[in-house]
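Here is how the chains run, residue by residue.
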Amino acid sequence: QKEVEQDPGPLSVPEGAIVSLNCTYSNSAFQYFMWYRQYSRKGPELLMYTYSSGNKEDGRFTAQVDKSSKYISLFIRDSQPSDSATYLCAMSALRQAGTALIFGKGTTLSVSS
Amino acid sequence: NAGVTQTPKFRILKIGQSMTLQCTQDMNHNYMYWYRQDPGMGLKLIYYSVGAGITDKGEVPNGYNVSRSTTEDFPLRLELAAPSQTSVYFCASSLDSGHSPLHFGNGTRLTVT
């Protein structure tokens, strides 16, 4: 079983839809969970950061972590064409997150107007 | 601030050739990283540096070398290019290794034929 599993999609939704992006993981020691957004031909940029379990909300974006199920989610409300990108989950067991980040393969999202 | 700047944007190499991928950051970040991103494979850490003069291997270091003589620059060297090194290479930096987000450059697209 891979450490981090992420459905690559592609996922196509109409503008205004609620989008759910998910990752599962196998390492119960993971404590730091991140979502990066990557536009075509660009580098990833950090979208959401969560420590341990629970929810975090930032505008139209909500990140959820369920450590008991080893499952994390990113919800996008009122999706916009500008949300069309690849979304990468990333996680780490250590506080030294940058040197021990495990990335998912990314889910490609397309929002049509 | 320019952030993280990578050059060149594109390069085609013949098998056995050498090249250096350049990366520079103007945020005075201590930590710098090199990742490769292959289609359907996610981001894999090649090398990282925790400060000038200090480097260490990541998950996939074979075939690459790095140096860190200044805080700003972190070049990646390919000595004998192989088709397996065809990929998109991303340089990133972070203020520290804890909760600081990774700031990525826009990548170098390398093809080895």
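Everything below is about the structure shown above.
The paragraphs below set out a description of the structure included in this document.

Moving on to the overall build of chain A. Along the backbone of chain A there are zero helices and 11 strands. Mapped in sequence order, the helices and strands of chain A form the string β-β-β-β-β-β-β-β-β-β-β. A compact globule built from 113 residues would reach a C-alpha radius of gyration of about 13 Å, and chain A, at 13 Å, matches this within 12%. In terms of overall dimensions, chain A has a C-alpha envelope of 40 × 30 × 25 Å along the principal axes.

On to the pairing of strand S4 (residues 32-38) of chain A. Residues and elements named next belong to chain A. Among the seven residues of S4, seven are classified as buried, and the element is accordingly described as predominantly covered. The alternating pattern of S4 places Tyr32, Met34, Tyr36 and Gln38 on one face and Phe33, Trp35 and Arg37 on the opposite face, and all of these are buried. Bridging between S4 and strand S5 (residues 45-51) involves six bridges; their strand directions are antiparallel. When the sheet's bridge partners are listed, Met34 is paired in S5 with Tyr49. Taking the residues between adjacent antiparallel strands as the criterion, S4 and S5 are bridged by six residues, where Arg41 takes a positive phi near 65°. Pairing analysis gives seven bridges linking S4 to strand S9 (residues 85-92), with the strands arranged antiparallel. Residue pairing in the sheet places Gln38 in a bridge with Thr86 of S9.

Looking now at the pattern of salt bridges. If you walk through the whole model with that rule in mind, you get six salt bridges over all chains. Asp83 of chain A is the salt-bridge partner of Arg60 of chain A, the closest N and O atoms lying 2.8 Å from each other. On the criterion of sequence distance, the pair formed by Arg60 of chain A in the loop between strand S6 (54-58) and strand S7 (61-66) and Asp83 of chain A in the loop between strand S8 (71-76) and S9 is long-range, its members being 23 residues apart. On the accessibility criterion, Arg60 of chain A (25% relative accessible area) is partly exposed. For the salt bridge of Glu79 of chain B with Arg77 of chain B, the shortest nitrogen-to-oxygen distance reads 3.2 Å.

The next point concerns the sheet that holds S7 of chain A. All names here are of chain A. The five strands are arranged S1-S3-S8-S7-S6 in an open sheet whose pairing can be described as antiparallel. In this open sheet, the two strands that pair with only one neighbour each are strand S1 (4-6) and S6. Pairs of neighbouring strands in the sheet enclose a mean axial angle of 15°, with direction left out of account. Sheet topology note: the S7/S8 ladder contains six bridges and is antiparallel. Pairing of Phe61 across the sheet is with Ile76, part of S8.

We now examine the sheet that holds strand S1 (residues 4-7) of chain B. All names here are of chain B. Across the sheet, which stays open at both edges, the four strands sit in the order S1-S3-S8-S7 with antiparallel pairing between neighbours. Among the strands making up the open sheet, the edge pair consists of S1 and strand S7 (64-66). Adjacent strand axes in the sheet meet at a mean angle of 20°, parallel and antiparallel pairs treated alike. In this structure, S1 lies alongside strand S3 (residues 19-25), joined through four bridges in antiparallel fashion. Paired with Thr5 across the bridge in S3 is Thr24.

Before going further, it helps to examine the environment of Val60 of chain B. Residues and elements named next belong to chain B. Structurally, the position occupied by Val60 is in the loop between strand S6 (54-57) and S7. By relative accessible area, which is 28% here, Val60 ends up partly exposed. If we ignore the near neighbours within four places in the chain, the residues touching Val60 are Arg36, Lys44, Leu45 and Ile46.

In this fold, Gln37 of chain B is placed in strand S4 (residues 31-38). Sequence-distant contacts of Gln37 of chain B, defined by excluding residues within four places in its chain, comprise Gln38 and Leu88 of chain A together with Gly42, Leu43, Ser87, Val88 and Phe90 of chain B.

Reading guide: rules and limits
Residues numbered from 1 in each chain as written. Chains lettered and ligands numbered in written order. Predicted model: local features only at pLDDT ≥ 70, side-chain atom pairs only at ≥ 80, totals over all residues. Heavy atoms only, no water. Helix = DSSP H or I, 4+ residues; strand = E, 2+ residues; numbered from the N terminus. Rg over C-alpha atoms; globule rule 2.2 N^0.38 Å. Buried < 20%, exposed > 50% of the residue type's maximum accessible area, 1.4 Å probe, protein only. Pairing = 2+ DSSP bridges. Salt bridge = Lys/Arg side-chain N within 4 Å of Asp/Glu carboxyl O. Axes fitted to C-alpha atoms, helices over the stretch in contact; angles between N-to-C directions. Contact = heavy atoms within 4.5 Å.

Any functional reading would require information that these geometric values do not contain.
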